[in-house]
Amino acid sequence: MLPKYRDIQHKKSNVINSSKIKIECAKFKALGLHIFANKMKQHLHRQLRIYRYVIYRETLVDPWEHFWSFIGAFVGIFIIAYIQSLHLPSLENIFLIGSFGASSVLVYGAIQSPLAQPRNLIGGHVVSAIAGVTVAQLLPDIIWLTAPSAVALSIVCMQHTRTLHPPGGATALIAVSSGTKISSMGYWYVLSPVLSGCIILFLVALIFNNITKKRHYPVKKSRLRRSRRQHLKTRFDRAKSPSHL
């Protein structure tokens, strides 16, 4: 009876040990998930604080800020509309595309935003225009196919080139949904009205966004841009470290 008793005790101890190992593994997994969740929470809170700071800076009640935002937007759109009136009839609003109105909100009203910087303003519109015209050239003229394809492709292209500019989606959409006049222009649509209009908005922004000491455009030392540079530097350093080779 003694050997059988020893075998039973040995089996019981093995079961107990395996149970302890499973419990410890479950604890480690739970601890790892907890640490990961805390890191994600800290990252989201940090990004939220940065965005709240940018929004706070842009929504401060300052009559002079509102005044120069109004003047800059008025002059920028005025120049584009005036050039439009000199070259084309009023019914052919090719140069005065709707996405420029959305860009004016960012470039003159939210100049601290990274989406309003020159790289995003010009690059976002140009990349989106190329995407929209390419979709119009390659796909059949079916609006429920070309419209979503142009917008989706423009977003991916802007993300890839780091030129994200929300009005760029409208620029791509205009390229496939504005009738025969713009579609007949082909890639000339990229140069004019898109690129020419962006340059006008940018030059006007350089003037009216730097008149006072409180307004600086383009923004070079914002917390959001500094955070982005630090994030890219950290990723680059990690990629160069021996552990990643």
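Residues numbered from 1 in each chain as written. Predicted model: local features only at pLDDT ≥ 70, side-chain atom pairs only at ≥ 80, totals over all residues. Heavy atoms only, no water.

(A) Highlighting the packing of helix 5 (residues 143-161) against helix 6 (residues 167-177). As a packed pair, helix 5 and helix 6 sit with axes 8 Å apart at the nearest point and diverge in direction by 150°. Taken together, the axis directions place helix 5 and helix 6 in an arrangement best described as roughly antiparallel. The element helix 5 and its partner helix 6 pack so that their crossing is right-handed. Listed contacts from helix 6 to Ile143, Thr146, Ala147, Ala150, Val151, Ser154 and Met158 of helix 5 are Gly168, Gly169, Ala172, Leu173, Val176 and Ser177. (Axes fitted to C-alpha atoms, helices over the stretch in contact; angles between N-to-C directions. Helix = DSSP H or I, 4+ residues; strand = E, 2+ residues; numbered from the N terminus. Parallel < 35°, antiparallel > 145°, perpendicular 65-115°, else oblique. Left-handed = near helix turned anticlockwise from the far one by under 90°. Contact = heavy atoms within 4.5 Å.)

(B) A look at the environment of Pro140. Structurally, the position occupied by Pro140 is in the loop between helix 4 (118-138) and helix 5. Look at Pro140 and you get partly exposed, because its relative accessible area is 44%. (Buried < 20%, exposed > 50% of the residue type's maximum accessible area, 1.4 Å probe, protein only.)

(C) View of unusual backbone geometry. Of note, the bond from Ser192 into Pro193 is cis; its omega dihedral lies within 30 degrees of zero at 25°. With respect to the helices and strands, the residue Pro193 is situated in helix 8 (residues 188-208). Notably, Arg162 is not glycine yet its phi reads approximately 55°, a positive angle. Assessed through its relative accessible area of 47%, Arg162 is described here as partly exposed.

(D) The nonpolar core, seen in detail. Ranked by size, the top nonpolar core spans 25 residues in total, and within it Tyr189 and Tyr217 carry the most contacts. For this core, the secondary structure elements donating two or more residues are helix 2 (63-87), helix 3 (99-109), helix 4, helix 6 and helix 8. With 10 residues, helix 8 is the single largest residue contributor to this core. Discounting chain neighbours no more than four positions away, the residues touching Tyr217 are Val107, Ile111, Ala116, Gln117, Pro118, Leu121, Phe202, Ala205, Leu206, Asn209 and Asn210. (Core = buried A, V, L, I, M, F, W, Y, C linked by side-chain atoms within 4.5 Å.)

(E) Spatial organisation of the packing of aromatic side chains. Enumeration according to the criterion identifies six aromatic pairs in this entry. For the ring pair Phe70 and Phe74, a centre distance of 6.1 Å and an interplane angle of 20° mean the geometry is stacked. A residue pair is termed a helical-turn pair when its members lie 3 or 4 positions apart in one helix, as Phe70 and Phe74 do in helix 2 at four residues. As far as burial versus exposure is concerned, Phe70 and Phe74 are alike and both exposed. (Phe/Tyr/Trp six-rings, centres within 6.5 Å; stacked < 30°, edge-to-face > 60°.)

(F) The arrangement of the confidence of the model for the protein chain in detail. A residue-level look at the protein chain finds 67% of positions with pLDDT of 70 or above and a mean pLDDT of 78. Across the protein chain, the secondary-structure element scoring lowest on mean pLDDT is helix 1 (residues 2-58), at 62, and the one scoring highest is helix 4, at 95. (pLDDT = per-residue confidence, 0-100.)

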